[in-house]
Amino acid sequence: EVSSAVREYAARVSQYTEADERWLRSNQDAKRLDANVRVVGVAARHAVTGHPVVLVTYPLRVAYDRSRAGRKGYSTHKWDSRKKDGRVPWTNTFWLVCPEVVSAVGRLEHAGLVRDFHAKFVKGDPTHDADAAATFAKQHARYAAFR
């Protein structure tokens, strides 16, 4: 199951190009990708423009560069590593970058959709859906294997 999940996810990832990087630099708004995160590919592209919608990131980032603390997009509250190489986990394997999609997802999150969706997986909740919970658990395990 693990190797099939990795193959399935990896087959959908396209190369992250210099053109993608230029587009990203000029189109990131409120939700900026940490500059110390390494992009390894593009999981989804815009159907019309071909620009990245979802990036695939490497699960570790460098967090020890305090010289960047005054720059936009850097938070001194992020995990800091005491290890020599400064690598720490980056929890977002998939990072949404298309401004229109980021905005639409933000509106759904603000409206409570994530909370309501999560409730379907909690036993005892009136909206609990055992089939949906099982499907979600299976997909979550596949995502974890890919990560």
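To keep things clear, this report deals only with the structure shown in the data block. Sequence order as written defines residue numbering, which begins from 1 separately in each chain. Side-chain atom pairs in this predicted model are given and counted only at pLDDT of 80 or more, local residue features only at pLDDT of at least 70, and totals for whole chains, interfaces and linings cover all residues. Excluding hydrogens and water, the side-chain values take into account all heavy atoms of the structure.

## What about the pattern of salt bridges?
No. 1: Put simply, a salt bridge is a Lys or Arg side-chain nitrogen that is within 4 Å of an Asp or Glu carboxyl oxygen. Per the counting criterion, the structure on display carries five salt bridges.
No. 2: Close ionic contact of Arg142 with Glu8 constitutes a salt bridge, the shortest N to O distance being 2.5 Å. Of this pair, Arg142 sits in helix H5 (residues 130–146) while Glu8 sits in helix H1 (residues 2–11), and the two are 134 residues apart along the sequence.
No. 3: Accessible area is worked out with a 1.4 Å probe on protein chains only. A residue is then buried under 20% of its type maximum, exposed over 50%, and partly exposed in between. Classification of Glu8 as partly exposed rests on a relative accessible area of 36%.
No. 4: In this structure, Arg25 and Glu21 form a salt bridge, with 3.3 Å as the shortest nitrogen-oxygen distance. Linking Arg25 with Glu21, this pair stays in helix H2 (residues 18–27), spanning four residues, or about one helical turn. In DSSP terms, a helix is any run of H or I states spanning at least four residues, a strand is any run of E spanning at least two, and both are numbered starting from the N terminus.

## So, H5
In an α-helix, one turn spans 3.6 residues, which is why side chains three or four residues apart end up on the same side.
No. 1: Its 17 residues place the ends of H5 24 Å apart at the C-alpha level, agreeing with the 24 Å of an ideal helix rising 1.5 Å per residue.
No. 2: Taken together, the buried positions of H5 are Ala133, Arg142 and Phe146.
No. 3: Polar contact criterion, stated in full: a pair of N or O atoms within 3.5 Å, where within protein one must be able to donate a hydrogen and the other to accept it, and residues adjacent in sequence count only if both atoms are side-chain atoms. For H5, the N-terminal cap is Asp129; the gap from its side-chain oxygen to the backbone nitrogen of Asp131 is 3.1 Å. Multiply 1.5 Å by the residue count of a helix minus one, and that product is the helix's expected span.

## Considerations on the nonpolar core
No. 1: Definition used in this section: a nonpolar core is a set of buried Ala, Val, Leu, Ile, Met, Phe, Trp, Tyr and Cys residues joined via side-chain atoms within 4.5 Å. Counting 10 residues, the largest nonpolar core consists of Tyr16, Trp23, Leu24, Leu33, Val37, Val39, Val42, Leu55, Trp95 and Val97.
No. 2: Put simply, the parts of the chain that give this core at least two residues each are H2 and strand E1 (37–45).
No. 3: The contact definition used throughout considers only heavy atoms, calling two residues in contact when any of these lie within 4.5 Å. Beyond its immediate chain neighbours, meaning those up to four positions away, Tyr16 contacts Glu21, Leu24, Val39, Gly41, Val42 and Leu55.

## Brief notes about the environment of Ala144
No. 1: Tracing the chain through its elements places Ala144 in helix H5.
No. 2: The exposure class assigned to Ala144 is partly exposed, which follows from its relative accessible area of 44%.
No. 3: A sequence separation of 51 residues divides Ala144 from Thr93, and the C-alpha atoms of the two residues are 9.5 Å apart.

## Comments concerning the side chain of Thr57
No. 1: Turning to its location among the elements, Thr57 is positioned in strand E2 (residues 52–62).
No. 2: Owing to a relative accessible area of 4%, Thr57 belongs among the buried residues under this scheme.
No. 3: There is a polar contact of 2.5 Å between the side chain of Thr57 and the backbone oxygen of Asn92.

## Re helix H3 (residues 99–110)
No. 1: Taking 1.5 Å per residue, 12 residues should reach 16 Å; H3 reaches 16 Å between its end C-alpha atoms and fits that length.
No. 2: Residue Gly112 follows H3 closely and has a positive phi angle near 90°.

Just distances and angles here, no functional claims.
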